[in-house]
Amino acid sequence: MITLLATSLLLATGSADHHGHHGGHAMADAETTAQSVVSADVRTVDTDARTTLLRHEAMPELGMGAMVMPFAVDEGVDIELFQPGAALMVTVTRRDGELLVIAAEVDESAG
Ligand SMILES: [Cu+2]
């Protein structure tokens, strides 16, 4: 139990540190190139902040199972697609320790 707690704290601290500035790109390359294309349902959206709460399917490329979680929406992506209840196909990558939607389209296969 104690070990698990300590690990969680370390992880939380580590992701916070990613927001700070640090030089060197070698370590970041693997993270920034990994991306997943996945179906996702929109729960909520903040068009001003360009963030959205999505229920996404598994994203093995990013080491993540299906879940509901917040995403940032990149500048080139049409935020109007992110209507609550919409079924989308999104392309997701990781930037600065945060998950970012870099492309989105209506999921035609969703029933
Ligand atoms: Cu997730």
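Residues numbered from 1 in each chain as written. Predicted model: local features only at pLDDT ≥ 70, side-chain atom pairs only at ≥ 80, totals over all residues. Heavy atoms only, no water.

### Considerations on the coordination of the copper ion
In the first shell of the copper ion, the protein supplies His56 (NE2), Met64 (SD), Met67 (SD) and Met69 (SD), at 2.0 to 2.6 Å from the metal. Summarised as a motif, the one-chain spacing of the donors to the copper ion is H-x7-M-x2-M-x1-M. For methionine 69, a relative accessible area of 13% corresponds to the buried category. (Donors = N, O, S within 2.8 Å, 3.2 Å for Na, K, Ca; no water. Buried < 20%, exposed > 50% of the residue type's maximum accessible area, 1.4 Å probe, protein only.)

### Focus on the sheet that holds strand E3 (residues 67–73)
Spatial strand order, E1-E2-E3-E5-E4: five strands in a closed barrel with mixed pairing. Strand-to-strand twist in this sheet, taken as the mean axis angle between neighbours without regard to direction, amounts to 55°. Two elements, strand E1 (residues 35–46) and strand E2 (residues 51–56), share six bridges in a ladder whose sense is antiparallel. Looking at the pairing, threonine 44 lines up with leucine 53 of E2. (Pairing = 2+ DSSP bridges. Helix = DSSP H or I, 4+ residues; strand = E, 2+ residues; numbered from the N terminus. Axes fitted to C-alpha atoms, helices over the stretch in contact; angles between N-to-C directions.)

### Quick look at unusual backbone geometry
The phi dihedral of arginine 50 is positive, around 55°, even though this residue is not glycine. In this structure, arginine 50 sits in the loop between E1 and E2. One non-glycine residue, aspartate 96, lies in the positive phi region at around 55°. With respect to the helices, strands and loops of the structure, aspartate 96 is situated in the loop between strand E4 (87–95) and strand E5 (98–106).

### Points about the pattern of salt bridges
With the rule as written, the count across this model stands at three salt bridges. Arginine 55 is paired through a salt bridge with aspartate 41; the nearest N and O atoms lie 2.6 Å apart. With a gap of 14 residues between them, arginine 55 in strand E2 and aspartate 41 in strand E1 connect regions that are remote in the sequence. By relative accessible area, aspartate 41 is classed as partly exposed at 26%. When the shortest N-O distance is used, the salt bridge between arginine 95 and aspartate 74 registers 3.9 Å. (Salt bridge = Lys/Arg side-chain N within 4 Å of Asp/Glu carboxyl O.)

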